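# Examining the three-dimensional arrangement
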Amino acid sequence: MKDIARNLGVSIATVSRALQDCPRISARQRARIQIYAREHNFYPNIIGAALRHSRMMPMKIIGVIVPQFVHYYFASVLTGIEEEVRNRGYRIMVALSDERYAREVEICEDFYKDKVCGIIVSQAKDTTKYDHFQKLIDNGVPLVFYDRICTGVNSSRVVVDDYMGAYTAVTHLIDTGCKRIAYYGSSMTLEISKNRFNGYKDALLKHGLKLDDSIVRLCDNRSDAEAITPELLSMDNHPDAFFAVNDDTAIGVLYTAKRMGFDIPKDVSICGFTNGYRAVTCDPMLTTVEQRGTQVGEEAANILIGQVEGIIPMDKVEKRIVRTRLIIRESTR
């Protein structure tokens, strides 16, 4: 604005008012300044303007915390959030916690200082203390969790039906003749891990199969799957199926089994959890549980904006569940 003011011989205040279409500036002067600004690719700093006027107008920026970007699921959730907030006149600021508690705390502090109107978050894997979340709530900042919810604070959340998704997947493996099903999951500090493991366990018990701890492993990424799987497939009584907590892990199992000479799915069936684009680019294509991340993002944004605009009371905890579905492809019998 200083450059525009200098080049047109007017004050910065005049430029600011003209760009806001203020009637105190003549129509001719407004048009002159606005045309010049467009021709020179000037765009106002929306965040800066909102911060300057935050006492007079609500901040319309929503903070979003993502644990990592490598998974298709988090990208699809972000897509859903972005679509919903844009349709309702808001913008988002996205930050990556990189699965680190300390970084997550910093982001929450930064968002609070930046005066975002609310925060949508999926907690980091190593988060076991929740003071930073409670501080936001205590200071009147709406907070909505998605996927990895925090049971340590009383806040709204959107999740998929992890238990039923896992139960349905393992039931499918059993119904197609599998009797020794390995489980690869995440840390049990996460609610989604507990729910998926319980779905796996209950499906086994329901069908008269015993839980064997020797084929239950902490493994939630492709590299670990490729390192761990040879040991399990070298057992005399090796698993005839694997259920993995996400598609990347399942694909790691799939290619490791193929390298070891196993036929997929004749010798070993494999099922994942996500239904990202990688599920249809591997060979054979992966049977998996579809999480519907875009819908999760839309629901989370809908709750947060509802709280910001007073449609949903701040003290009301919204708990929404997005249904999963099993997508059967060639990696299972």
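Parameters and conventions
Residues numbered from 1 in each chain as written. Predicted model: local features only at pLDDT ≥ 70, side-chain atom pairs only at ≥ 80, totals over all residues. Heavy atoms only, no water. Helix = DSSP H or I, 4+ residues; strand = E, 2+ residues; numbered from the N terminus. Rg over C-alpha atoms; globule rule 2.2 N^0.38 Å. Buried < 20%, exposed > 50% of the residue type's maximum accessible area, 1.4 Å probe, protein only. Contact = heavy atoms within 4.5 Å. Areas by Shrake-Rupley, 256 points an atom, 1.4 Å probe, with all protein chains shown as cover. Lys, Arg positive; Asp, Glu negative; His and termini not counted. Charge placed at Lys NZ, Arg CZ, Asp CG, Glu CD. Core = buried A, V, L, I, M, F, W, Y, C linked by side-chain atoms within 4.5 Å. Pairing = 2+ DSSP bridges. Right-handed = clockwise from strand over helix to strand, strands pointing away. Expected span 1.5 Å × (residues − 1). Phe/Tyr/Trp six-rings, centres within 6.5 Å; stacked < 30°, edge-to-face > 60°.

With that settled, the discussion passes to the overall build of the protein. For the protein, the count of helices and strands is 12 helices and 12 strands. Its C-alpha radius of gyration of 25 Å places the protein more than 25% over the 20 Å reference for a compact globule of 333 residues. By principal-axis analysis of the C-alpha atoms, the protein measures approximately 85 × 40 × 30 Å. By residue count, 51% of the 333 residues in the protein fall in the buried class. Across the protein, the fraction of contacts at a sequence separation of at least 24, relative to all contacts at a separation of at least 6, is 71%. In the structure as shown, the protein presents an accessible area of about 16,000 Å², 50% of it carried by carbon and sulfur atoms. The averaged location of the 42 negative side-chain charges in the protein is 8 Å from the averaged location of its 44 positive side-chain charges.

Ile-62, Ile-81, Val-85, Ile-120, Tyr-146 and Val-296 are the most contacted members of the largest nonpolar core, which has 24 residues in total. Of all the secondary-structure elements, those providing two or more residues to this core are β1 (61–66), α5 (72–87), β4 (143–146), β5 (156–160) and α12 (293–308). Not counting residues up to four positions away in its chain, the partners in contact with Ile-62 are Val-85, Tyr-90, Arg-91, Ile-92, Met-93, Cys-117, Gly-118, Ile-120, Leu-304 and Ile-305. Ala-182, Ile-215, Phe-262 and Val-268 belong to the second largest nonpolar core, which has 22 residues in total.

So, on to the pairing of strand β8 (residues 241–244). Side chains Ala-241 and Phe-243 project from β8 onto one buried face, and the interleaved Phe-242 and Ala-244 project onto a second face that is buried too. One ladder, built from four bridges, connects strand β6 (residues 181–185) with β8; its direction is parallel. From the neighbouring strand, Tyr-183 faces β8, where its bridge partner is Phe-243. Both β8 and strand β9 (residues 269–274) contribute to a ladder of three bridges, which runs parallel. Pairing of Ala-241 across the sheet is with Ser-269, part of β9. Between the parallel elements β8 and β9, the chain passes through helix α11 (residues 247–259) in a crossover that is right-handed.

What follows deals with helix α9 (residues 191–206). Helix length check: α9 (16 residues) gives 22 Å between terminal C-alpha atoms against 22 Å at 1.5 Å per residue, within 8%. All buried positions along α9 are accounted for by Glu-191, Ile-192, Ser-193, Arg-196, Phe-197, Gly-199, Tyr-200, Ala-203 and Leu-204. Looking at the buried side of α9, the elements it contacts are α8 (162–175), β6, β7 (216–218) and β9.

Below, the discussion takes up the packing of aromatic side chains. Counted according to the given criterion, the structure contains 11 aromatic pairs. The interplanar angle of 75° and the centroid separation of 6.4 Å between the aromatic rings of Phe-74 and Tyr-146 together place this pair among those described as edge-to-face. Here Phe-74 is found in helix α5, whereas its partner Tyr-146 is found in strand β4, with 72 residues between them in sequence. A relative accessible area of 1% means that Tyr-146 is categorised as buried. With a centroid separation of 5.9 Å and 40° between ring planes, the pair formed by Phe-197 and Tyr-200 is classed as tilted. Of the two residues, Phe-197 and Tyr-200 are both situated in helix α9; the distance of three residues between them amounts to about one turn of the helix.

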